[in-house]
Amino acid sequence: MIARKLTLGEWLAAAKLKFQKAGVENARQETEYLLAHLLQKNTAYFYAYPEVELSIQQLEQLEAWVKERLAGKPLAWILGEWDFWGLTLEISPATLIPRADTERLIEVALDLPLVPKARVLDMGTGTGAIALALKKERPNWQIDAVDFKLDAVRLARKNARQLELDVRVWQSNWWQQIPPQTYDLILSNPPYIHPDDPHLSQGDLRYEPKTALVGGEDGLDAYRELLAPIQNRLNLGGYLLVEQGYDQSLAVAELFTHAKLRDIKTYQDYLGQPRVTLGCKT
Ligand SMILES: C[S@@+](CC[C@H](N)C(=O)[O-])C[C@H]1O[C@@H](n2cnc3c(N)ncnc32)[C@H](O)[C@@H]1O
């Protein structure tokens, strides 16, 4: 029950305090996201007009979101969308909320010396984040994307439609339903968390589907699947580029070597942790 009306400034201050008391890390940013989402305005608006009054209905909606957030629901799920590489993507409980770390994969991919009409495959596409970011930057690349979850496939297709980016998305359990064609670049941010990792019971990871997070008994199963036929799937001079856990770079590089990929390189994320592995078919 809302006791009295509040202005934008008052609501922001009160909600921030509530979040801070509950130990929410980015209290100010989170309250701003909620208000911006409700009003469909950017943050400049409510700092320019802090005296604008919120209606009781708006306050009730905000209160409901604050309650959900304090109960642990990911902010992105409350908003129903999340930004990745400057694209606003619809998200859903079917798959991972795109992470900023994955933007490293995009940066590395864009630096590769590929042919202008490169054929590219994003495996385990989820929201379509990687495929769509690349299509935005390189409209001439022919980009395919797969996920084994039908709901994720539908979501990626919807995001592609809404963003008017021409990416082909279909359902496949890794390579199983992918036609026998070869690619210049294959990328993946696969499930790679070790099943015993305590992070799985913390923060947003508690809510996201295990199918998007856990990479088998040692966290590396997906890499083995991706690598098994890789020599038959990459064009000569083609690349495999994957995201991995900060403590998996040596193990992943070893798997790449075993699959006879060459010029293996590891790239760091924005926190300086090894996060992305690249290998080439020579
Ligand atoms: C870590 S999420 C990455 C999602 C998205 N690429 C991103 O970076 O935000 C891993 C994705 O792989 C998909 N996946 C898991 N197992 C798969 C399999 N056997 N075949 C295809 N996709 C799979 C999951 O459904 C999930 O969408």
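Residues numbered from 1 in each chain as written. Predicted model: local features only at pLDDT ≥ 70, side-chain atom pairs only at ≥ 80, totals over all residues. Heavy atoms only, no water.

**Let's talk about the site of the ligand**
- Neighbouring residues of the ligand: 18 residues in total, closest Thr95, Gly124, Asp147, Asn173 and Trp174.
- Residue Phe148 places a main-chain N or O atom 3.3 Å away from a nitrogen atom belonging to the ligand.
- Asn189 places a side-chain nitrogen or oxygen 2.9 Å from an oxygen atom of the ligand.
- A total of 590 Å² of accessible area belongs to the ligand in isolation, and the protein chains cover 96% of it.
- Assessed atom by atom at 2 Å from the grid points, the ligand resides in the second largest pocket. (Near = heavy atom within 4 Å. Polar contact = N/O pair within 3.5 Å; in protein donor to acceptor, adjacent residues only side chain to side chain. Areas by Shrake-Rupley, 256 points an atom, 1.4 Å probe, with all protein chains shown as cover. 1 Å grid on protein atoms, 1.4 Å probe; cavity = no way out; pocket = protein on both sides within 12 Å on 5 of 7 lines; lining within 4 Å. Sits in = over half its atoms within 2 Å of the grid points.)

**Quick look at the domain arrangement of the protein chain**
- Here the protein chain is partitioned into domain 1 (8–71) and domain 2 (81–280).
- Using only C-alpha atoms to locate each centre, domain 1 and domain 2 end up separated by 34 Å.
- Between domain 1 and domain 2, the residue contacts involve four residues of the former and four residues of the latter.
- Both faces combined, the contact of domain 1 with domain 2 buries some 230 Å², and carbon together with sulfur accounts for 40% of it.
- Joining domain 1 to domain 2, the criterion identifies zero salt bridges.
- The interface formed by domain 1 and domain 2 includes one residue pair in polar contact (both at pLDDT 80 or more).
- Residues belonging to the side of domain 1 that touches domain 2 are distributed by class as follows: two nonpolar, one polar and one charged. (Domains from an automatic or database assignment. Contact = heavy atoms within 4.5 Å. Buried area = accessible area lost by both parts, 1.4 Å probe. Salt bridge = Lys/Arg side-chain N within 4 Å of Asp/Glu carboxyl O. Nonpolar A, V, L, I, M, F, W, Y, C, P; charged D, E, K, R; others polar.)

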